[in-house]
Amino acid sequence: MNLLVTGCAGFIGSHLCETLLRAGHTVVGIDSFVPYYPETYKRANLRGLLEHPQFRFVQADLRTDPLEPLVRDIEGIYHLAAMPGLVKSWTDFDGYWTCNVLATQRLLEAVRTSKTLKRFLYGSTSSVYGKYASGDETLPTRPVSPYGVTKLAGEHLCRAHAENFGLPLIVVRFFSVYGPRQRPDMAYHKFIRALLRDEPITLCGDGHQMRGNTYIDDCVEATLQAMEGPIGETFNIGGADPVSVWDVLHKLEAIAGRKFRILREPERPGDQRQTFADTGKLTRHRGWKPKVGIDEGLARQWEWQKTLPL
Ligand code: NAD
């Protein structure tokens, strides 16, 4: 198929593109290298993709560049481009609303009259649920950060286009994804980097926050499965074993063979207390289940981060 992936230079987008190409698809990847984290990471994520004959990279900003020419003849879109992370969303609201809301609306308008589009997948987040994001897709959506609010607004815009113009929509809500290429602002990346550099970490809150983390390979496989699911559905995508931050710190200490030095700070506004996806719906529809447990996943991320310059 002729596919388009937005945010292709990012953590999830780059892994997704590689898997799609391995499956024989033709992929157009769009990214604008928003400076939320350093471009060097994103350039490295793209490296293998750029050599692939069936991959075409387009450096374009969904907020401003003409999009109609990029979606012409496209049969499936994975819309993953966004400003992620909740902390900066309090201070850079402009960045979040333009990348998560305006950019989504522009993409939707560009495909409104498409004759070829069969599926449009919107990559959403557990943050749309709010402080307690444990359960299935019927949990109320009460985001507690501007990030969650803008991602939910993106979902609503997609639904509006589905209702009015027949957009063949699938929504997936990712729960804390980790593994090789994890964004450098994300907690496990920061923990591992601190161990490798022998630097202290900052632990916000009491450390008993629970997370149902999703290993990147499971995340990509679930996304592909969701894309084949019934049009109009929303699917949670999460991992199998919920762990607290303390559990993760102890596991990483065991992998590294050294102890963390920990600075304590209060919980941050917008932090989630519990996130654990009930993914039964995707299992029922597509037979998908997560495969990689937290111990194996953390070990693989550790091995990858050891290869990065310190
Ligand atoms: P990422 O920042 O690594 O990737 C997003 C990419 O989108 C970046 O490379 C960025 O440059 C690009 N982008 C942003 N705005 C753009 C614009 N206006 N035009 C073109 N490109 C633009 O983030 P990620 O962790 O890979 O997340 C991918 C998606 O998954 C996002 O939509 C995010 O909200 C969602 N998500 C991620 C997680 C997670 O744990 N990583 C959890 C929940 C949801």
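The rules behind these values
- Along each chain, the written sequence defines residue order, and numbers are assigned to residues from 1.
- Confidence filtering applies because this is a predicted model: local features only for residues at pLDDT of at least 70, side-chain atom pairs given and counted only at 80 or more, and all residues used for totals across whole chains, interfaces and linings.
- Neither water nor hydrogens contribute to the side-chain values; these are computed over all heavy atoms in the structure.
- Strands are labelled as partners when DSSP assigns at least two bridges between them.
- By the criteria applied, helices consist of DSSP H or I runs no shorter than four residues and strands consist of E runs no shorter than two, each listed in order from the N terminus.
- Angles run from 0 to 180 degrees between N-to-C directions of axes, and those axes are lines fitted to C-alpha atoms, restricted for helices to the stretch in contact.
- Note on definitions. A residue lies near a molecule or strand when any single heavy atom of the residue is within 4 Å of it.
- For the purposes of these results, a polar contact is taken to be a pair of N or O atoms within 3.5 Å, where, inside protein, one atom must be able to donate a hydrogen and its partner to accept one; residues adjacent in sequence count only when each atom of the pair is a side-chain atom.
- For the accessible areas, the method is Shrake-Rupley and the probe is 1.4 Å, while residue cover comes only from the protein chains on display.
- Residue ranges assigned to each domain were obtained from an automatic or database domain assignment.
- Residues are treated as being in contact if the distance between any of their heavy atoms lies within 4.5 Å.
- Accessible surface is computed with a 1.4 Å probe, and the buried area is the amount of it that two parts give up when combined, taken over both parts together.
- Just to be clear on terms, a salt bridge is a Lys or Arg side-chain nitrogen sitting within 4 Å of an Asp or Glu carboxyl oxygen.
- Classification convention: Asp, Glu, Lys, Arg as charged; Ala, Val, Leu, Ile, Met, Phe, Trp, Tyr, Cys, Pro as nonpolar; all other residues, Gly among them, as polar.
- Geometric relationships in this document are graded by angle, where less than 35 degrees denotes roughly parallel, more than 145 denotes roughly antiparallel, 65 to 115 denotes roughly perpendicular, and other angles denote oblique.
- Crossing handedness is defined as follows: a turn of the near helix away from the far one that is anticlockwise and smaller than a right angle gives a left-handed crossing, while the clockwise case is right-handed.
- Only buried residues count toward a nonpolar core, which is a set of Ala, Val, Leu, Ile, Met, Phe, Trp, Tyr and Cys residues joined through side-chain atoms within 4.5 Å.
- With a 1.4 Å probe rolled over the protein chains alone, any residue whose accessible area is under 20% of its type maximum counts as buried; one over 50% counts as exposed, and the rest are partly exposed.
- Residue count minus one, scaled by 1.5 Å, sets the expected span of a helix.
- Relevant arc is that of directions from the helix axis to the C-beta atoms, nothing else.

In spatial order, the strands read 6-15-10-13; together these 4 strands make up an open sheet with mixed pairing. Strand pairing shows two members of the sheet lacking a second neighbour, strand 6 (132-135) and strand 13 (242-244), which therefore form its edges. Strand after strand, the sheet turns through a mean of 25° between neighbouring axes, direction not considered. Here strand 10 (residues 210-212) runs beside strand 15 (residues 274-277); their pairing, made up of 2 bridges, is parallel. Note on strand 15: the bridge partner recorded for Arg 211 is Thr 275.

It is worth spelling out the site of the ligand at this point. Surveying the vicinity of the ligand reveals 30 residues, the closest of which are Asp 31, Tyr 37, Tyr 147, Lys 151 and Val 177. Between the ligand and Phe 11, the relevant distance is 2.9 Å, taken from an oxygen atom to a main-chain nitrogen or oxygen of the residue. Note that an oxygen atom of the ligand is positioned 2.7 Å from one of the side-chain N or O atoms of Lys 151. When the free accessible area of the ligand is taken as 820 Å², the share hidden by the protein chains comes to 98%. Only helix 1 (11-22), strand 5 (119-125) and helix 5 (146-165) provide two or more residues apiece to the shell around the ligand. Considering every element that reaches the shell around the ligand, the biggest residue donor is strand 5, with 3 residues.

For the chain, the assigned domains read domain 1 (2-177 + 215-237) and domain 2 (179-211 + 240-276 + 292-305). A separation of 25 Å is found between the C-alpha centroids of domain 1 and domain 2. Taken together, the 31 residues of domain 1 in the interface contact 24 residues of domain 2. For the pair domain 1 and domain 2, the two sides together bury roughly 2,300 Å², of which 53% comes from carbon and sulfur. Three residues, Phe 11, Lys 131 and Tyr 215, lead the burial of domain 1 against domain 2; their summed loss comes to 26% of the area buried on that side. Across the domain 1-domain 2 interface, the total number found is 3 salt bridges. When the shortest N-O distance is used, the salt bridge between Asp 217 and Arg 300 registers 3.6 Å. On the surface where domain 1 and domain 2 come into contact, there are 17 residue pairs in polar contact (both at pLDDT 80 or more). For the side of domain 1 that touches domain 2, the elements supplying multiple residues, two or more each, are helix 1, helix 2 (39-50), strand 6 and helix 7 (216-227). Split by residue class, the side of domain 1 that touches domain 2 holds 16 nonpolar, 11 polar and 4 charged.

Where helix 8 (residues 245-256) meets helix 10 (residues 294-306), the axes come as close as 10 Å, and the angle between the chain directions of the two elements is 55°. The angle between helix 8 and helix 10 places the two elements in the oblique class. Relative to helix 10, helix 8 is oriented so that their crossing is right-handed. Contacts between helix 8 and helix 10 involve Val 248, Lys 251, Leu 252, Ile 255 and Ala 256 from the first element and Ile 294, Asp 295, Leu 298, Ala 299 and Trp 302 from the second.

Core analysis: the biggest nonpolar cluster contains 54 residues, and Tyr 78 and Phe 191 have the highest contact counts within it. Take this core: its biggest share by element is 7 residues, from helix 7. Residue contributions to this core reach at least three from each of two domains, namely domain 1 (2-177 + 215-237) and domain 2 (179-211 + 240-276 + 292-305). Val 28, Ile 30, Val 58 and Cys 158 belong to the second largest nonpolar core, which has 23 residues in total.

As a further point, take the packing of helix 1 against helix 7. For any two helices packed against each other, one specifies the inter-axial angle together with the distance between the axes. For the pair helix 1 and helix 7, interaxial distance at closest approach is 10 Å and the crossing angle is 65°. Crossing hand, helix 1 versus helix 7: right-handed. Contacts from Phe 11, Ile 12, His 15, Leu 16, Thr 19 and Leu 20 in helix 1 reach Ile 216, Cys 219, Val 220, Thr 223 and Leu 224 in helix 7. Across the contact of helix 1 with helix 7, the residue classes break down as 8 nonpolar, 3 polar and no charged.

Time to look at helix 8. In this model, helix 8 (12 residues) spans 16 Å end to end at C-alpha, consistent with the 16 Å of a helix rising 1.5 Å per residue. Inspection of helix 8 places Val 245, Val 248, Leu 249, Leu 252, Glu 253 and Ala 256 among the buried residues, and these make up the whole buried set. Projection of helix 8 onto a plane perpendicular to its axis shows the buried side chains occupying an angular sector of 140°, all on one side. Lining the buried residues of helix 8 we find helix 6 (187-197), strand 9 (201-204), strand 13, strand 14 (262-265) and helix 10. Looking one or two residues past helix 8, Gly 257 carries a phi angle of roughly 70°, positive in sign.

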